[in-house]
Amino acid sequence: MIIARAVGPLRAQITHSTRRSYATSSPGRSNTPLYAALAVGLGLAGWYITSNGDVEKVEEKVKSLVAEKKASDEGLGALGVLIKDAWTPFTLEKVEPYNHNSKIYTFSFGEEGKQKISGGQVASALLVKTPEGDEEVKDDKGKPVIRPYTPISPPDLKGSLTLLVKEYKDGKLTPYISSMVPGKDKLLFKGPIPKYKYEPNTFDQGLCIAGGSGITPMWQLISHAMEIPGDRTKFTLIFSNVTPKDILLKEKWDQLAKDHPDRLQVKYVVDKSEKGWSGETGFVTAPLISKLFKRQDGEKVMAFVCGPPPQVNSLAGPKDGPRQGELKGALKELGYNSDEVYKF
Ligand SMILES: Cc1cc2nc3c(=O)[nH]c(=O)nc-3n(C[C@H](O)[C@H](O)[C@H](O)COP(=O)(O)OP(=O)(O)OC[C@H]3O[C@@H](n4cnc5c(N)ncnc54)[C@H](O)[C@@H]3O)c2cc1C
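Residues numbered from 1 in each chain as written. Predicted model: local features only at pLDDT ≥ 70, side-chain atom pairs only at ≥ 80, totals over all residues. Heavy atoms only, no water.

Looking at an unreviewed UniProt entry, one finds the protein chain named cytochrome-b5 reductase and attributed to Naematelia encephala. The protein chain has a UniProt comment under Sequence similarities (unreviewed entry) that states "Belongs to the flavoprotein pyridine nucleotide cytochrome reductase family." (UniProt positions renumbered as here; feature names shortened; annotations may be inferred.)

In structure tokens form, the structure reads like this:
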């Protein structure tokens, strides 16, 4: 109670100093109010130490508020549960079947992580592996299998994160994930791995081209952009899948496009169409991109690509490990330069 009273004004002051609109304003430029607040906090802490002797609790609270401010400034979630250089276990809480080969998995941060966020930012990825022991998934050389995933839950969600995972029956990790038991089994997580850092109104149009489960960073990016007050950036998503029943998050995309008709257009493409299919059919090529996405003269456009490596190669050239790699393929053919293309 006394601690709450001691840190209350400090929290209010810090919150005030970190509040920012999402538009073009930068995070609180002056830290003066923060330092004043810290001084008050430390003074109160000193008083509390002498009168109650419970120094650790006050110190902990002050530290956590400072970390919260830092996290907000850096946008990296210093208060997040994810650790860049160490594996953290999260328990599988819930599994929701999505379609014939994909499921949505919710992982809980546990009791002590209930009020914490993951620590990722839009649209960062994280790494996943299985716990050590008899069932640990290893590759042919006996090394643990590690795979990247992009959560579909918003980065500011507290207490849990959600992955949409497509299962490959002959894959290494996904058959294990698919067999996990909610409430019992855990996966180990590490990260975040920063990717493109989105700032509103820095380009006029975003062209997002995704294939299959490569849709997850696009969901992070576009759903986030649509929520930012004052963001006028328009997006076109060209989303390719094998058949109509493979289209991931279709109901969410359709709803988002309906809610933001002036800012978002979604174009579906399938390799194999079915009766009644009204979208495009075939691979995504330069002529198809030109047909689906109109670039006006003088407009600043940023293209994003995420999908199976052969698709990324044909659209924008291969990635060079974690680096972007040379721009080639359809987007180069269409006149894009390397500053205008981001490969997730
Ligand atoms: C940044 C990033 C974010 C991602 N986010 C997601 C996400 O949110 N959701 C998601 O579902 N996936 C995501 N992925 C893909 C994910 O990391 C895994 O690659 C995927 O889940 C497959 O893992 P796996 O171990 O089960 O299969 P793998 O063992 O990697 O195999 C996958 C497929 O490739 C084939 N294959 C494997 N090795 C070879 C080979 N040598 N030659 C030919 N074919 C081969 C397999 O037969 C199988 O069909 C992401 C990838 C990246 C890079």
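**Student:** Looking at this structure, how should I read the pairing of strand β8 (residues 234-241)?
**Tutor:** Regular strands have side chains that alternate between both faces of the sheet. Counting buried positions over the 8 residues of β8 gives 7, a clear majority of the element. Sheet topology places strand β7 (residues 205-211) next to β8; 7 bridges connect them, and they run parallel. Bridged to Gly206 within β8 is Phe235. Crossover handedness for the path β7 to helix α5 (residues 215-227) to β8: right-handed. By the bridge criterion, 7 bridges tie β8 to strand β9 (residues 264-270) in an arrangement that is parallel. In the sheet register, Asn241 faces β9, and the bridge partner there is Val270. With respect to chirality, the unit in which β8 leads through helix α6 (residues 250-259) into the neighbouring parallel β9 is right-handed. (Buried < 20%, exposed > 50% of the residue type's maximum accessible area, 1.4 Å probe, protein only. Helix = DSSP H or I, 4+ residues; strand = E, 2+ residues; numbered from the N terminus. Pairing = 2+ DSSP bridges. Right-handed = clockwise from strand over helix to strand, strands pointing away.)

**Student:** Quick question: what am I supposed to make of the UniProt feature "binding site: FAD" (unreviewed entry) in the protein chain here?
**Tutor:** Sequence positions flagged by UniProt for "binding site: FAD" (unreviewed entry) are, in local numbering, Arg147, Pro148, Tyr149, Leu164, Lys166, Lys172 and Thr216. Among the residues just listed, Arg147, Pro148, Tyr149, Leu164, Lys166 and Thr216 line the second largest pocket. Examined against the element boundaries, Tyr149 turns out to sit in strand β4 (residues 147-149). Residue class for Tyr149 comes out buried when judged on its relative accessible area of 14%. (1 Å grid on protein atoms, 1.4 Å probe; cavity = no way out; pocket = protein on both sides within 12 Å on 5 of 7 lines; lining within 4 Å.)

**Student:** Got a minute to help me understand the sheet that holds strand β11 (residues 301-306) in this structure?
**Tutor:** Paired through backbone hydrogen bonds, the strands of a sheet run either parallel or antiparallel to each other. Taken together, the 6 strands give an open sheet; going across it, the order is β10-β9-β8-β7-β11-β12, and neighbouring strands pair in parallel fashion. Of all the strands in the sheet, just β10 (280-281) and β12 (341-343) have a single pairing partner and so form its edges. In the packing of α5 onto the sheet, the strands contacted are β7, β8, β9 and β11, and the crossing angle to β8 comes to about 155 degrees. (Contact = heavy atoms within 4.5 Å. Axes fitted to C-alpha atoms, helices over the stretch in contact; angles between N-to-C directions.)

**Student:** I would appreciate a short explanation of empty space enclosed by the protein in the present structure.
**Tutor:** A water-sized probe rolled over the atoms picks out the places where empty space is left. This model, assessed by the stated rule, comprises 1 cavity of 30 Å³ or more. The volume enclosed by the largest cavity comes to roughly 110 Å³. Taken together, 16 residues form the lining of the largest cavity, with Ser118, Gly120, Pro151, Pro155 and Gln220 sitting closest to its centre. Taken together, the elements giving at least two residues each to the lining of the largest cavity come down to β3 (125-129) and β5 (160-166). In the lining of the largest cavity, the residues fall into 9 nonpolar, 7 polar and no charged. (Points joined across faces, edges and corners; volume = space filled by probe spheres on them. Nonpolar A, V, L, I, M, F, W, Y, C, P; charged D, E, K, R; others polar.)

**Student:** Would you mind going over the nonpolar core with me for this structure?
**Tutor:** Generally speaking, nonpolar side chains in soluble globular proteins are found buried as a group. Counting residues in hydrophobic clusters, the biggest one holds 36 residues, and the most contacted among them are Met218, Phe235, Leu237, Trp253 and Phe304. Taken together, the elements giving at least two residues each to this core come down to β7, α5, β8, α6, β9 and β11. In terms of residues, this core owes the most to one element, α5, which gives 7 residues. Counting only domains with at least three residues in this core, you end up with domain 2 (88-193) and domain 3 (205-343). (Core = buried A, V, L, I, M, F, W, Y, C linked by side-chain atoms within 4.5 Å. Domains from an automatic or database assignment.)

**Student:** When you look at the packing of α5 against α6 in this model, what are you seeing that I'm missing?
**Tutor:** Between two packed helices, what matters for the description is the angle formed by their axes and the separation of those axes. At a minimum axis separation of 12 Å, α5 and α6 run at an interaxial angle of 25 degrees. Comparing their axes, α6 and α5 come out roughly parallel. In this structure, α5 meets α6 at a crossing whose hand is left-handed. For the pair formed by α5 and α6, the contact residues are Ile215, Met218, Trp219, Ile222, Ser223 and Met226 on the first element and Lys252, Trp253 and Leu256 on the second. Across the contact of α5 with α6, the residue classes break down as 7 nonpolar, 1 polar and 1 charged. (Parallel < 35°, antiparallel > 145°, perpendicular 65-115°, else oblique. Left-handed = near helix turned anticlockwise from the far one by under 90°.)

**Student:** What's the story with helix α8 (residues 309-316) in this structure? I'm lost.
**Tutor:** Residues lying three or four places apart along an α-helix face the same way, a consequence of the helix completing one turn every 3.6 residues. Within α8 the residues assigned to the buried category are Gln311, Val312, Leu315 and Ala316. Seen along its axis, α8 keeps its buried residues to an arc of 100 degrees; they face one direction. Facing away from the buried side of α8 by over 90 degrees, the exposed positions are Pro309 and Pro310. The secondary structure elements touched by the buried residues of α8 are β7, β8, α7 (286-292), β11, α9 (329-333) and β12. Gly317 sits one or two positions beyond α8 and adopts a positive phi of about 85 degrees. (Arc of directions from axis to C-beta.)

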